[in-house]
Structures are given as structure tokens and as C-alpha cells.
Amino acid sequence: MTDQVVFAGICKRYGTFSAVRDLNLGIKEGEFLTLLGPSGSGKTTTLRMLAGLEAATSGDILLAGRRVTDEVPEKRNIGLVFQNYALFPHMTVGQNVAFPLQMRRRKRPDIAREVDRVLEMTQLGPYKDRYPRQLSGGQQQRVALARAFVFDPSVLLMDEPLGALDRNLRDHMRLELKSLQERIGATVMYVTHDQDEALALSDRIGVMHQGVLQQTAPPGEIYERPVNSFVAKFLGQSVCLPAKRLERGKRSVLSVEGLDGRILVDAENDTCPDATGDFMIRPERFTLAAERPDTADVNAIRCKVETAVYLGAQVEVHLRAGAGAQVQVAVPAANAGDLAAGSGHWLTFRPSDGLYLRGV
Ligand code: ATP
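Residues numbered from 1 in each chain as written. Predicted model: local features only at pLDDT ≥ 70, side-chain atom pairs only at ≥ 80, totals over all residues. Heavy atoms only, no water.

With respect to the overall build of the protein
And step 1. Counting its secondary structure elements, the protein contains nine helices and 20 strands.
And step 2. Seen through its C-alpha atoms, the protein measures out along the principal axes to roughly 80 × 45 × 35 Å.
And step 3. The buried share of the protein, taken over its 360 residues, is 51%.
And step 4. Total accessible area computed for the protein in this model is approximately 17,000 Å², and 49% of it derives from carbon and sulfur atoms.
And step 5. Each charge sign in the protein was given a centre, from 44 positive and 43 negative side chains, and these centres are 5 Å apart. (Helix = DSSP H or I, 4+ residues; strand = E, 2+ residues; numbered from the N terminus. Buried < 20%, exposed > 50% of the residue type's maximum accessible area, 1.4 Å probe, protein only. Areas by Shrake-Rupley, 256 points an atom, 1.4 Å probe, with all protein chains shown as cover. Lys, Arg positive; Asp, Glu negative; His and termini not counted. Charge placed at Lys NZ, Arg CZ, Asp CG, Glu CD.)

If you want it as C-alpha cells, here you go:
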């Protein structure tokens, strides 16, 4: 399948400051792609360049194979949804949704039919004659969505569209948004700094940092196989420690700051181009054992419990390794055993559990 959206070597500079650097990214038709990153990493600038609201300094943008780099927003046929719904307050829900069709000079009966169809899809039929002020935040956001896709845009762009909603409504709207996107088969580029939202919604996530797209991959891959320690730390919990590679072979042997002994990592988990980098492991990969395992095939670190926090299904255990590193581990509460402060344990993990990454 060809890409619906292509960024080819896109750069955006404001004076000497680079907001987006050499962005190369394709989005497939019907794909839900999320740009995730901290504030100021260049997500909104990227979205605005695709919408035509911001001019790229260099590079090209293609929509369905057509170069649109210098085209005005109206010509790009893109739907937009922002955090502040930007509904017209003096227009009813029906009039708000009809607006993009009127702008495109569609025939009246067509407009009426399309508005009704889209209001039904977004379960807004009963609210057609209400004004935005008579709606809840979630309902207003649904109107903004309906208005963004009523004209059958080639791509839907959403910038923190759920940002103004409270937590419960956000979780609910997230599910609605995903099922609606799947039903209409829209290609979506979504911007957020909320990692849970990105994981729940996206076919692929692109993680941005200082204007550079660090990695683009499906949620599971971003979580399990981050390409560097910035991506590892930005998405989910991790233990990330500076490390040195001592040997390389079927397994890499690392010396990790704060962990005693030699740490083994499978060759395929060693993606660091340099002899110094970061050792990274997810907390759920650890096992706590009373005895040292009697195989050299497993990494085993002597630790003491500092605190253990009971969280229902899991116990979050904060440990201190003999060599000084602080490590947080999630243990199923059912087999947590004795986790009294000061008690000694072996922290174990396999060479397939940890990664040796480029430090960022
Ligand atoms: P947030 O999550 O806070 O919206 P973001 O990742 O979307 O952040 P951008 O809005 O794309 O970040 O901004 C990227 C960088 O470009 C920021 O450092 C910002 O200050 C800078 N920037 C954005 N617009 C301009 C402008 N018009 N002039 C100068 N610098 C700008």
C-alpha cells in the first residue's frame, strides 16, 4: 500500500533554532499514527506543516502522492481537531457540522444528508439543534470531530484533542475515537504527550525529542525494543543505568554502573553502536529470589529492600543493589513473600530481558 502522507527531509527553522530536523516519515492509508514527545519536541510544528498552517524551511510533503509543500490549507483537504474545540458559539451543532460543506459549496440536500449521517455516527443526533454552550466537554469534542471528518478529508489531524477533558471522560472518549476512526477508515496523525493515550490509540507511535524523530514503530515494539534510552525512559517505567560493553559475541558482557558483577545481554538486545551506552530493563522483567540461581545463564544481583508498596495486584519493591543502584521491581502480590525493609534478596533476570542501548 502506498503512503497517504509522506514527509521527505522536512526541516523547520525559526531563525537559528531548529524546531524539526530532517523528518522522514510515511503514513499509510487508514493508519493511526501518533507523534509522542515532551513539550517543545516539535510535534505541533510537524502537524501544522502537514496542514499547511506553517511553511517548511526545506523538504517536501506529499499527500496521496501529490506534492503539497507550497499549497494553501484549503487545497489540502485535511480535517483538524484541536484541544480547544473551536466550535462556532453562535451556531447550532447541526450548523457547525454543516459549515465545512457550505465552504465547499456543496448542494443543500447533500449537506443535510451528510450532516445527519455524521451526527448519527457520533451519536449527536439528539443534540443537533443545541448550541455548544448547552453541551458537555465530551459532547463538544464529538462535534469538533464530526465537523473535522464530515467533508471526507484525506487525513485527519488531531492535536491533543482530549487534553481539555477530565480523566474519566478522556478514557471514554479515547475508546470512542478509536472505534470511530476504524469505522470511517480515516488516516490519522495524532499529537499527544500522554503515553497511555498513544499506546491505546495508535497503530504506530513516533517518538520525538528536540525536533528529531527518534523511532517510529507499533506500541509494543516501542515499549519492548526502544532504540535509545530517551525512548525507553519516555514510554513506561524502566531501570536505565550507564554501562560499558566489555565483550561482544553471542552475548554482550556489560559493566553497569551501580550493579555488581558482569551483566549479560543477548546479542540481539545490544543495539548500541558504542562501547559506552545505557543498560535498560523494564521492572516487570525482574524476579526476586531468596537464593542465588545455580546457573551462570541468569544475571543475579544481591539487593536489599528499602521499601515495599502494596498496590493490590502487585507490590512495588524499591531495592538497593550492593554496588549502589536503586532498582524498582513489580512483584505479583500473591507470591511476594517477605519484603521487610532491610531483607536481602537476589534480583534475577535473563540475558534476553535487558537491553544495551545508545544513551541519549
Ligand atoms: P507542546 O507539547 O508543548 O505543544 P510540541 O512538541 O508540540 O510541544 P512545538 O509547538 O512543535 O512543540 O514547538 C517546537 C519548538 O519550536 C519549541 O521549542 C517552540 O518554542 C518553537 N516554536 C514554535 N513556534 C515558534 C515560532 N513561531 N517562533 C519561534 N519558535 C517557535
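Describing the pattern of salt bridges
And step 1. Per the counting criterion, the structure on display carries 25 salt bridges.
And step 2. Glu54 is the partner of Arg48 in a salt bridge, and the nearest nitrogen-oxygen pair spans 3.2 Å.
And step 3. The partner of Asp270 in a salt bridge is Arg245, and the shortest N-O contact between them spans 2.8 Å. Taken together, the residues Asp270 in the loop between strand S13 (263–266) and strand S14 (276–281) and Arg245 in strand S11 (residues 239–247) connect sequence positions 25 residues apart. For the pair Asp270 and Arg245, a shared accessibility class is recorded, and that class is buried.
And step 4. Where salt bridges share partners, they join Arg167, Arg170, Asp171, Arg174, Asp194 and Glu197 into one cluster. (Salt bridge = Lys/Arg side-chain N within 4 Å of Asp/Glu carboxyl O.)

Some remarks on the site of the ligand
And step 1. Taken together, Tyr14, Phe17, Ala19, Pro38, Ser39, Gly40, Ser41, Gly42, Lys43, Thr44 and Thr45 make up all the residues around the ligand.
And step 2. In the model, an oxygen atom of the ligand is placed 2.6 Å from a nitrogen or oxygen of the Ser39 side chain.
And step 3. A distance of 3.0 Å separates an oxygen atom of the ligand from a polar backbone atom of Ser41.
And step 4. Its free accessible area being 640 Å², the ligand has 58% of it covered by the protein chains.
And step 5. Of all the secondary structure elements, the ones that give two or more residues to the shell around the ligand are strand S2 (17–28) and helix H1 (43–51).
And step 6. Residues that form the shell around the ligand fall into these classes: four nonpolar, six polar and one charged. (Near = heavy atom within 4 Å. Polar contact = N/O pair within 3.5 Å; in protein donor to acceptor, adjacent residues only side chain to side chain. Nonpolar A, V, L, I, M, F, W, Y, C, P; charged D, E, K, R; others polar.)

Some points on the environment of Glu306
And step 1. Tracing the sequence through the fold places Glu306 in strand S16 (residues 299–310).
And step 2. As for Glu306 and His172, which are separated by 134 residues in sequence, their C-alpha atoms are 38 Å apart.
And step 3. Beyond its immediate chain neighbours, meaning those up to four positions away, Glu306 contacts His318, Leu319, Arg320, Gln326 and Ala341.
And step 4. A polar side-chain atom of Glu306 sits 3.0 Å from a polar atom in the side chain of Gln326. (Contact = heavy atoms within 4.5 Å.)

What about the environment of Arg174?
And step 1. One can find Arg174 in helix H6 (residues 167–184).
And step 2. Residues Arg174 and Ala198, 24 residues apart in the sequence, show an inter-C-alpha distance of 9.9 Å.
And step 3. Residues in contact with Arg174, not counting those within four places in the same chain, are Leu162, Arg167, Asp194, Asp196, Glu197, Ala200 and Leu201.

Quick word on the layout of surface pockets
And step 1. Quantified by volume, the largest pocket comes out at close to 580 Å³.
And step 2. Ile78, Leu80, Pro100, Arg104 and Phe151 are the residues nearest the centre of the largest pocket, which is lined by 21 residues in total.
And step 3. Looking at the lining of the largest pocket, the elements with two or more residues in it are helix H2 (73–76), strand S6 (78–82), helix H3 (93–103) and helix H5 (137–149).
And step 4. Among the elements that take part in the lining of the largest pocket, S6 stands out by supplying five residues, more than any other.
And step 5. Across the lining of the largest pocket, the residue classes tally to 16 nonpolar, two polar and three charged.
And step 6. Each pocket or cavity is described by its volume, and for the second largest pocket that value is around 240 Å³.
And step 7. Residues that form the lining of the second largest pocket fall into these classes: six nonpolar, four polar and three charged. (1 Å grid on protein atoms, 1.4 Å probe; cavity = no way out; pocket = protein on both sides within 12 Å on 5 of 7 lines; lining within 4 Å. Points joined across faces, edges and corners; volume = space filled by probe spheres on them.)

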